[in-house]
Structures are given as structure tokens and as C-alpha cells.
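Spelled out from the first residue to the last, the chains are:
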Amino acid sequence: QVQLVESGGGLVQAGGSLRLSCAASGRTFSRYAMGWFRQGPGKEREFVAVIGWSAVRVYYADSVKGRFTISRDNAKNTIYLQMNSLKPEDTAVYYCAADSHGLAPPTKPNEYDYWGQGTQVTVSS
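A short tour of the structure in this document, coming up. Note that this is a predicted model, so its numbers are computed, not measured. (Residues numbered from 1 in each chain as written. Predicted model: local features only at pLDDT ≥ 70, side-chain atom pairs only at ≥ 80, totals over all residues. Heavy atoms only, no water.)

Take unusual backbone geometry next. The backbone of Ala-55 sits at a positive phi, close to 70 degrees, despite the residue not being glycine. By the secondary structure assignment, Ala-55 is in the loop between strand 5 (46–51) and strand 6 (58–60). (Helix = DSSP H or I, 4+ residues; strand = E, 2+ residues; numbered from the N terminus.)

Listed below in C-alpha cells is the structure:
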């Protein structure tokens, strides 16, 4: 079992920055691809970014490319999402997720095995 706990959400003005963290339990964290998803009010959960177990492969949604950066520290069992130039449309609950299959880093929610409880990000205009 893997437990994921997100932190770092909050209220920020448009153009501002936040850094989300996701701390994972479990000894095999370094073998998992890790992703960030978000779900805005009345919307489906959508892919934001994913990082492979070795951090070589990294993918972003077009909507956040160039503004968000995903990273991981396997020694700390933690991944991060640095969010810059935030926009009101980035407002959502942000979730981290872990994929244990060891294949290509997934971008669909149903490809992940474990989820955190989410952290709220609100961007005011």
C-alpha cells in the first residue's frame, strides 16, 4: 500500500506562484511514476503532469506547459509541482497519484493505483 499526502495549496492572485508537495509512504516509491491531476468545480478530473520513476520522462498538459514544473526527490519520497504564472482557470483541487506498473508514465486517471486526498488551489483574478 502507498499513502499519498498533498500539501501546499492555498489562495493566490493571478500571476502568482505556488509549490505543491506530495509525500508518499512505502519503500518502492522510487519505482513509481507519479502524476498530478486536478478537478475544477463541475469538471472532470484532468491530467496536469507526470514524471517517470527515473525523472527522465516528464509530460505536461498543454494548458500548463511552460508554467508548471513537476519534479521528484526519491530520497524524500516526495514529488513537487511548481506552479508559476497562475491563472483563475487553474483553480481546482489538485491530486497526486502513483502508478506502480512500471510502463510509460500514464496520463489517464484510471491508469493510476493510488491517490492522495487533494489540496485546494484557488487563483483570484
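A word on the pattern of salt bridges. If you walk through the whole model with that rule in mind, you get four salt bridges. Between Lys-65 and Asp-62 there is a salt bridge whose closest N-O contact spans 3.1 Å. Across the pair Asp-90 and Arg-67 runs a salt bridge whose closest N-O atoms are separated by 2.8 Å. With Asp-90 in the loop between strand 8 (78–83) and strand 9 (92–99) and Arg-67 in the loop between strand 6 and strand 7 (68–73), this residue pair connects regions lying 23 residues apart in the sequence. The same class applies to Asp-90 and to Arg-67, which are both buried. Among the charged side chains, a network of salt bridges with common partners joins Arg-38, Glu-46, Arg-67 and Asp-90. (Salt bridge = Lys/Arg side-chain N within 4 Å of Asp/Glu carboxyl O. Buried < 20%, exposed > 50% of the residue type's maximum accessible area, 1.4 Å probe, protein only.)

So, on to the sheet that holds strand 1 (residues 4–7). Spatially, four strands are ordered 1-3-8-7 in an open sheet, and the strand pairing comes out antiparallel. Looking along the sheet, the strands with just one partner apiece sit at the ends: strand 1 and strand 7. Direction aside, the axes of adjacent strands within the sheet are offset by 15 degrees on average. Sheet topology note: the strand 3 (residues 18–24)/strand 8 ladder contains six bridges and is antiparallel. Within the sheet, the bridge partner assigned to Leu-20 lies in strand 8 and is Leu-81. (Pairing = 2+ DSSP bridges. Axes fitted to C-alpha atoms, helices over the stretch in contact; angles between N-to-C directions.)

So, on to the pairing of strand 7. Because side chains alternate across strand 7, one face comprises the buried residues Phe-68, Ile-70 and Arg-72, and the other comprises Thr-69, Ser-71 and Asp-73, none of which is buried. As judged from the six bridges shared by strand 7 and strand 8, these two strands associate in the antiparallel manner. Bridge pairing in strand 8 places Ile-70 opposite Leu-81. Counting the residues between successive antiparallel strands, the hairpin from strand 7 to strand 8 contains four residues, one of them, Asn-77, with a positive phi of roughly 55 degrees.

Let us look at the packing of aromatic side chains. Evaluation of the coordinates by the stated rule reveals six aromatic pairs. For the pair Phe-37 and Tyr-112, a centre-to-centre distance of 5.2 Å together with 85 degrees between the ring planes defines the contact as edge-to-face. Here Tyr-112 lies in the loop between strand 9 and strand 10 (114–115) and Phe-37 lies in strand 4 (residues 33–39), a separation of 75 residues in the sequence. Like Phe-37, the residue Tyr-112 is buried in the burial classification. Members of the aromatic cluster, connected to one another through ring pairs, are Phe-37, Phe-47, Tyr-95, Tyr-112 and Trp-115. Positioned over the ring face of Tyr-95 is Arg-45, at 3.8 Å from the centre of the ring. Above the face of the Phe-29 ring, Arg-72 is positioned so that its terminal group lies 4.7 Å from the ring centre. (Phe/Tyr/Trp six-rings, centres within 6.5 Å; stacked < 30°, edge-to-face > 60°. Lys NZ or Arg CZ within 6 Å of the ring centre and 35° of its normal.)

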